[in-house]
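Listed here are the chains, written in short residue letters.
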Amino acid sequence: MKIALGSDHGGYQLKETIKAFLDELGMEYKDFGTDCEESVDYPDFALKVAEAVAGGQYDRGILICGTGIGIGIAANKVLGIRAALCHDVFSAKASREHNDANILSLGQRVIGPGLALEIVKAWLSTGFAGGRHQRRVDKIKAIEEKYSK
Ligand code: RB5
């Protein structure tokens, strides 16, 4: 599984922590920036990661800003992206099983690194359940289609 990572300055430290964790797991990833704690605009990094995932070059994305809110909202503007803001393990698993989320959004200023890594682990290892959930995800895609014109 290839993972695209991105953050603004408010999520930079947690992105570094997640990279070290992915290295431990031997998982393949690309860091789309930012590369320091200098102030930047989160939509720029949301767009890079969302396009890499929507375009199929990467299987999943992880985006981090201060709250996880702005970067997730921006990513969800890209067609085909289902970014889920999750600050607990239950929601992280459900976002995969029920919503087939392809981007995980996290807030570095909201949760600590220990919980964040538990969330990442659960989110990366949980599959989509399909069935009735597929029908609902298809309806999300139909909404996207309607407003993409
Ligand atoms: C940056 O200060 C902050 O607004 C950003 O990281 C994020 O929390 C936005 O949603």
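Just so it is clear, the model here is predicted, and its values are computed rather than measured.

S.K.: It is not clear to me how the packing of helix 4 (residues 89–97) against helix 5 (residues 113–125) should be interpreted in this structure. Could you clarify?
M.R.: When two helices pack together, their arrangement is given by the angle between their axes and by how far apart the axes lie. The contact between helix 4 and helix 5 brings their axes to 8 Å, and the two run at 25°. One way to sum up the angle between helix 4 and helix 5 is to call them roughly parallel. In this structure, helix 4 meets helix 5 at a crossing whose hand is right-handed. For the pair formed by helix 4 and helix 5, the contact residues are V89, A92, K93, S95 and R96 on the first element and L115, E118, I119, A122 and W123 on the second. Here the residues of the contact of helix 4 with helix 5 sort into six nonpolar, one polar and three charged.

S.K.: Got a minute to help me understand helix 1 (residues 12–25) in this structure?
M.R.: The α-helix winds at 3.6 residues per turn, so residues separated by three or four positions along the chain end up facing the same way. Along its 14 residues, helix 1 runs 20 Å from first to last C-alpha, staying within 8% of the 20 Å computed at 1.5 Å per residue. When helix 1 is considered as a whole, its buried residues turn out to be Y12, L14, K15, I18, K19, F21 and L22.

S.K.: Looking at this structure, how should I read the site of the ligand?
M.R.: For the ligand, the full set of nearby residues is D8, H9, Y42, C65, G66, T67, G70 and R109. Within the contact set of the ligand, an oxygen atom lies 2.6 Å away from a side-chain nitrogen or oxygen of D8. A distance of 2.9 Å separates an oxygen atom of the ligand from a polar atom in the backbone of G70. About the coverage of the ligand: the protein hides 71% of its 290 Å² of free accessible area. Residues belonging to the shell around the ligand are distributed by class as follows: two nonpolar, four polar and two charged.

S.K.: Please clarify how the packing of aromatic side chains should be interpreted in this entry.
M.R.: Summed over the entire model, instances satisfying the criterion amount to one aromatic pair. Ring plane angle 85° and centroid distance 5.6 Å describe the contact between F32 and Y58, whose orientation is recorded as edge-to-face. Within this pair, whereas F32 is found in the loop between strand 2 (28–31) and helix 2 (42–54), its partner Y58 is found in the loop between helix 2 and strand 3 (60–65), the two being separated by 26 residues in sequence. Exposure class is identical for F32 and Y58. Each is buried.

Thresholds, definitions, all that
- Residues numbered from 1 in each chain as written.
- Predicted model: local features only at pLDDT ≥ 70, side-chain atom pairs only at ≥ 80, totals over all residues.
- Heavy atoms only, no water.
- Axes fitted to C-alpha atoms, helices over the stretch in contact; angles between N-to-C directions.
- Helix = DSSP H or I, 4+ residues; strand = E, 2+ residues; numbered from the N terminus.
- Parallel < 35°, antiparallel > 145°, perpendicular 65-115°, else oblique.
- Left-handed = near helix turned anticlockwise from the far one by under 90°.
- Contact = heavy atoms within 4.5 Å.
- Nonpolar A, V, L, I, M, F, W, Y, C, P; charged D, E, K, R; others polar.
- Expected span 1.5 Å × (residues − 1).
- Buried < 20%, exposed > 50% of the residue type's maximum accessible area, 1.4 Å probe, protein only.
- Near = heavy atom within 4 Å.
- Polar contact = N/O pair within 3.5 Å; in protein donor to acceptor, adjacent residues only side chain to side chain.
- Areas by Shrake-Rupley, 256 points an atom, 1.4 Å probe, with all protein chains shown as cover.
- Phe/Tyr/Trp six-rings, centres within 6.5 Å; stacked < 30°, edge-to-face > 60°.

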